[in-house]
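# Observations on the three-dimensional arrangement
This is what each chain is made of:
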Amino acid sequence: LSLVSAMNRVQLLGRVGQDPIMRQVEGKNPVTIFSLATNEMWRTGDSDVGQGGEIWHPTLLFFCKLGDVSQKTTWHRISVFRPGLRDVTYQYVRKGARIYVEGKIDYGEYTDKNNVRRQATTIIA
């Protein structure tokens, strides 16, 4: 028997894209917001060196896979509402810092200044 019927949890390790900003809407608690970049890397294709695109590395005594390395960067919007964490994030996190973020995914909608409905995905840390 499991007491957990569903889970919404995300873990990210990446680099901060901008210094955090703190916003407060009238009547609501302040929130610290920043962007985080995560990178995914993979190999595509094979090289003509060796059989199956592998080459023997004599010093390390193993075969190394050769091929083109591809990379994809994904940007995440992070919002921190908890008072202690929100303030520490605002004070000490800076652009370029490598940080770990744990939180939940929140999908929302808003209307921009041109009166166009937009969707937004945010990580609530």
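Residues numbered from 1 in each chain as written. Predicted model: local features only at pLDDT ≥ 70, side-chain atom pairs only at ≥ 80, totals over all residues. Heavy atoms only, no water.

As annotated in an unreviewed UniProt entry, the protein chain is SSBP protein from Xiphorhynchus elegans. Turning to the protein chain, the UniProt annotation filed under Subcellular location (unreviewed entry) states: "Mitochondrion matrix, Mitochondrion nucleoid". (UniProt positions renumbered as here; feature names shortened; annotations may be inferred.)

## Quick word on the layout of surface pockets
Its volume calculated, the largest pocket comes out at about 410 Å³. As for the largest pocket, its lining consists of 17 residues, and the residues nearest its centre are Val31, Ile33, Arg77, Ser79 and Phe81. Those elements giving two or more residues to the lining of the largest pocket turn out to be strand 3 (31-44), strand 6 (68-80), strand 7 (98-111) and strand 8 (117-124). Counting residues per element, the lining of the largest pocket draws most heavily on strand 7, which supplies four residues. For the lining of the largest pocket, the per-class residue count stands at seven nonpolar, five polar and five charged. Reported here for the second largest pocket is a volume of approximately 170 Å³. If you trace the second largest pocket, you find 13 residues lining it, with Leu85, Thr89, Ile99, Tyr100 and Val101 closest to the centre. Going through the elements one at a time, strand 6, helix 1 (83-92) and strand 7 are the ones with two or more residues in the lining of the second largest pocket. In terms of residue count, the dominant contributor to the lining of the second largest pocket is strand 7 (four residues). (1 Å grid on protein atoms, 1.4 Å probe; cavity = no way out; pocket = protein on both sides within 12 Å on 5 of 7 lines; lining within 4 Å. Points joined across faces, edges and corners; volume = space filled by probe spheres on them. Helix = DSSP H or I, 4+ residues; strand = E, 2+ residues; numbered from the N terminus. Nonpolar A, V, L, I, M, F, W, Y, C, P; charged D, E, K, R; others polar.)

## As for unusual backbone geometry
The phi dihedral of Asn115 is positive, around 65°, even though this residue is not glycine. Inspection of the secondary structure assignment puts Asn115 in the loop between strand 7 and strand 8. The class of Asn115 is exposed, set by a relative accessible area of 66%. (Buried < 20%, exposed > 50% of the residue type's maximum accessible area, 1.4 Å probe, protein only.)

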